[in-house]
Amino acid sequence: MRDKKKGNRILICGIALSICLFVLAGGVILHLSETFIRSGIADMAGAVGIAAPEQLGDIMHLYKSGDGLRAAGEEILRQYGYGRDVYSFVPAWFGAAAYAIPFCIILVMLFSFGLYWRHKMKETEKGTAALSGYLDRIMEGQYDTLLKEDTGSALGDSIYKAVVLLREEREQAQRAKKNLADNMVDLSHQLKTPAASIGLTLSLLKKKAWDEETKQDIGRMEGQVGRLQRLVGTMLTLSKLDAGVLELEEKAFDLEEMLVDAVQPFVRQLEEKGICFGIQGAAGISLSGDFGWCSEALGNIIKNCMEHTPKQGDISITCQDNPIYTEVVIQDSGGGFDEADLPHLFERFYRGAGSSKDSVGIGLALSKSIIEKENGTVTAENAKTGGARFCIKFYHCHRIST
C-alpha cells in the first residue's frame, strides 16, 4: 500500500510541476512578446519623429485607428528589402526561448512519467517475487506461511484463498489417512488373533490325524493361514506408508550386507531350483536409510525374480555408485514380462500373465512404496539379453518427508 501511494505521489508531483512550468512559460513568453512589440513601436515612432517631426501627431493618430495600414506597411517593407524570407524582426534569443521552454516542459513530463512507470514496474516485480516465493514455500509444504506482502491484486487474493483451501484439504486428508492407518492396525490385530488360533488348532489336528491324506489337507490349510497372516501384515505396512505414519530410520549401512540379508530368506528355494545367484559391485558402497525396510523391498523383488526364473537359471545383482545416486540392478534369466503387463507391474493386486496362483499382486507395490519413501525410484523392463530387469536408484539426498 505504501508503494502504491508513493507512485501516485510521483505522478501527481510530475503533473503539478509540468502545469507550473507551463503557466510560468506562458507568462514569460507573453511578457517578452509585449516587450518586443512595444520596443518595435517605439523604434518606429522614434524614426518618424526624427525624420518628420511636424507630421508625428497625424501619424500616431493614423496608427491608432489601424485602418488599412497593414497592407500598405507590408508593401513599404518589401520596397526596402525587408521581406519575410529575407529578414526576421524576431531576435534569436526570443525564438530560442519560445522553443526551449515548451521543450523543457515536455522533458519534465516525460521524466515524471518515466519515474512513475519505473516505480510501477518495480512494484509489479516485487509483487511477482512475493507471489513466487509464497508458491515456493507452499511447494515445500509450508502451508502455515501467509502472504504478508500486500500486492493489491486479485491474483494474490485468489492464491491466498486457494492455499487456505488446500491447507484445509491437506489437513483433512492427513486425518483421514491416520484414521485409516489406525483402523488397519486394529483390524490386523483382530485378524491376527483368530488366524493364530486357527494355525495352532491345525497343528494340533495334524498331530491327531489318522491318515496321510488328512495330514496333507491340514498342511494345505496351514499354508493358507500363513498366507493370510502375511497378507494382513503387508496390508498393514501399505496403509502405514500411505498415511505417512510408518517410522523409518535413517542410518548409514553397508549395501552388500543389506543385499545378503534380502536374499537370505530365499537361499533354500534358490538351491532347490539350482539358480545361480551373484552380487557384483556392492562392496564398499554405503547407503543411508532404514536397513530392515530396504531389505524387505529388495527381497520382494528378488522373490519375484526367483518365481519367474526356471531351474538352473541365473539371478544377478549389479551395483554402481556415483555422486548423484546408487543404482541396484536385479536381473533374471526368465521369460521376462508381457508387454501389456509392464505399465501395471507396481499396481496393487495386479496379477500379470505369468503370476503364480498363490500371488496376490502386492509384493512389488509394497517394494515401490518403500523405495520411494527411502527417496528412491524403481522401474521394470525386459532386458535386451532376455529376462526381467529391475532398476532401483537411491538418490543421495535427504529423505522427503510426507
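In case you missed it, the structure is sitting above this.
Small disclaimer: the values here were computed from a predicted structure and weren't measured. (Residues numbered from 1 in each chain as written. Predicted model: local features only at pLDDT ≥ 70, side-chain atom pairs only at ≥ 80, totals over all residues. Heavy atoms only, no water.)

When helices and strands are tallied, the chain shows 10 helices and 7 strands. The buried share among the 402 residues of the chain stands at 28%. Taking all contacts inside the chain whose residues are at least 6 apart in sequence as the whole, residues at least 24 apart take part in 70%. Only carbon and sulfur atoms are counted for the fraction: they give 59% of the accessible area of the chain, which is about 26,500 Å². (Helix = DSSP H or I, 4+ residues; strand = E, 2+ residues; numbered from the N terminus. Buried < 20%, exposed > 50% of the residue type's maximum accessible area, 1.4 Å probe, protein only. Contact = heavy atoms within 4.5 Å. Areas by Shrake-Rupley, 256 points an atom, 1.4 Å probe, with all protein chains shown as cover.)

Moving on: unusual backbone geometry. Its identity is not glycine, yet glutamine 312 carries a phi of approximately 65°, on the positive side. Counting through the fold element by element, glutamine 312 comes out in the loop between helix H9 (291-307) and strand S4 (314-321). Even without glycine at this site, asparagine 375 takes up a positive phi of about 65°. Inspection of the secondary structure puts asparagine 375 in the loop between helix H10 (363-373) and strand S6 (376-382).

The next point concerns the pattern of salt bridges. All told, the structure shown has 4 salt bridges when counted by the stated rule. The partner of lysine 368 in a salt bridge is glutamate 372, and the shortest N-O contact between them spans 2.5 Å. Linking lysine 368 with glutamate 372, this pair stays in helix H10, spanning 4 residues, or about one helical turn. Overall, glutamate 372 belongs to the partly exposed group, its relative accessible area being 43%. (Salt bridge = Lys/Arg side-chain N within 4 Å of Asp/Glu carboxyl O.)

Within an α-helix, residues lying three or four positions from one another point in the same direction, as the helix has 3.6 residues per turn. In this model, H9 (17 residues) spans 24 Å end to end at C-alpha, consistent with the 24 Å of a helix rising 1.5 Å per residue. Taken together, the buried positions of H9 are occupied by Cys294, Ser295, Ala297, Leu298, Gly299, Asn300, Ile301, Ile302, Asn304, Cys305 and Met306. A distance of 3.1 Å separates the backbone nitrogen of glycine 292 from a side-chain oxygen at the start of H9, and that oxygen is part of aspartate 290. (Expected span 1.5 Å × (residues − 1). Polar contact = N/O pair within 3.5 Å; in protein donor to acceptor, adjacent residues only side chain to side chain.)

Running from amino to carboxyl end, H9 crosses H10 at an angle of 145°, the nearest separation of the two axes being 9 Å. Between H9 and H10 lies a crossing of left-handed hand. Here H9 contributes Trp293, Cys294, Glu296, Ala297, Leu298, Asn300, Ile301 and Asn304 to the contact with H10, which in turn contributes Gly363, Leu364, Leu366, Ser367, Ile370 and Ile371. Considered class by class, the residues forming the contact of H9 with H10 number 9 nonpolar, 4 polar and 1 charged. (Axes fitted to C-alpha atoms, helices over the stretch in contact; angles between N-to-C directions. Left-handed = near helix turned anticlockwise from the far one by under 90°. Nonpolar A, V, L, I, M, F, W, Y, C, P; charged D, E, K, R; others polar.)

Next up on the list: the packing of aromatic side chains. In the structure shown here, the tally under the stated rule is 4 aromatic pairs. Note on phenylalanine 337 and phenylalanine 390: the rings are 5.6 Å apart at their centroids and 90° apart in plane angle, and the pair reads as edge-to-face. With phenylalanine 337 in the loop between strand S5 (325-332) and H10 and phenylalanine 390 in strand S7 (residues 388-395), the pair connects residues that are 53 residues apart, well separated along the chain. On the accessibility criterion, phenylalanine 390 (0% relative accessible area) is buried. Considering the side-chain rings of phenylalanine 346 and phenylalanine 390, the 6.4 Å spacing of their centres and the 80° angle between planes classify their relative orientation as edge-to-face. (Phe/Tyr/Trp six-rings, centres within 6.5 Å; stacked < 30°, edge-to-face > 60°.)

The subject of this paragraph is empty space enclosed by the protein. This structure, assessed with the given rule, holds 1 cavity of 30 Å³ or more. Computed from the structure, the largest cavity encloses a volume of approximately 50 Å³. Asn304, His308, Asp332, Gly334, Gly335, Gly336, Phe337 and Ala388 together form the lining of the largest cavity. Its residues assigned to classes, the lining of the largest cavity shows 2 nonpolar, 5 polar and 1 charged. (1 Å grid on protein atoms, 1.4 Å probe; cavity = no way out; pocket = protein on both sides within 12 Å on 5 of 7 lines; lining within 4 Å. Points joined across faces, edges and corners; volume = space filled by probe spheres on them.)

In this section: the environment of glutamate 296. Mapping glutamate 296 onto the fold places it in helix H9. For glutamate 296, a relative accessible area of 36% puts it in the partly exposed group. Distance in space between the C-alpha atoms of glutamate 296 and serine 367 is 7.4 Å, their sequence separation being 71 residues.

Looking now at the packing of helix H7 (residues 255-263) against H9. Across the interface, H7 lies against H9 with an axial gap of 8 Å and an inter-helix angle of 55°. Regarding the angle of H7 to H9, the classification is oblique. When you trace H7 past H9, the crossing you get is right-handed. Here Glu257, Met258, Leu259, Asp261, Ala262 and Val263 of H7 lie close against H9, whose contacting residues are Phe291, Cys294, Ser295, Leu298, Gly299 and Ile302. Per-class residue counts for the contact of H7 with H9 are 8 nonpolar, 2 polar and 2 charged. (Parallel < 35°, antiparallel > 145°, perpendicular 65-115°, else oblique.)

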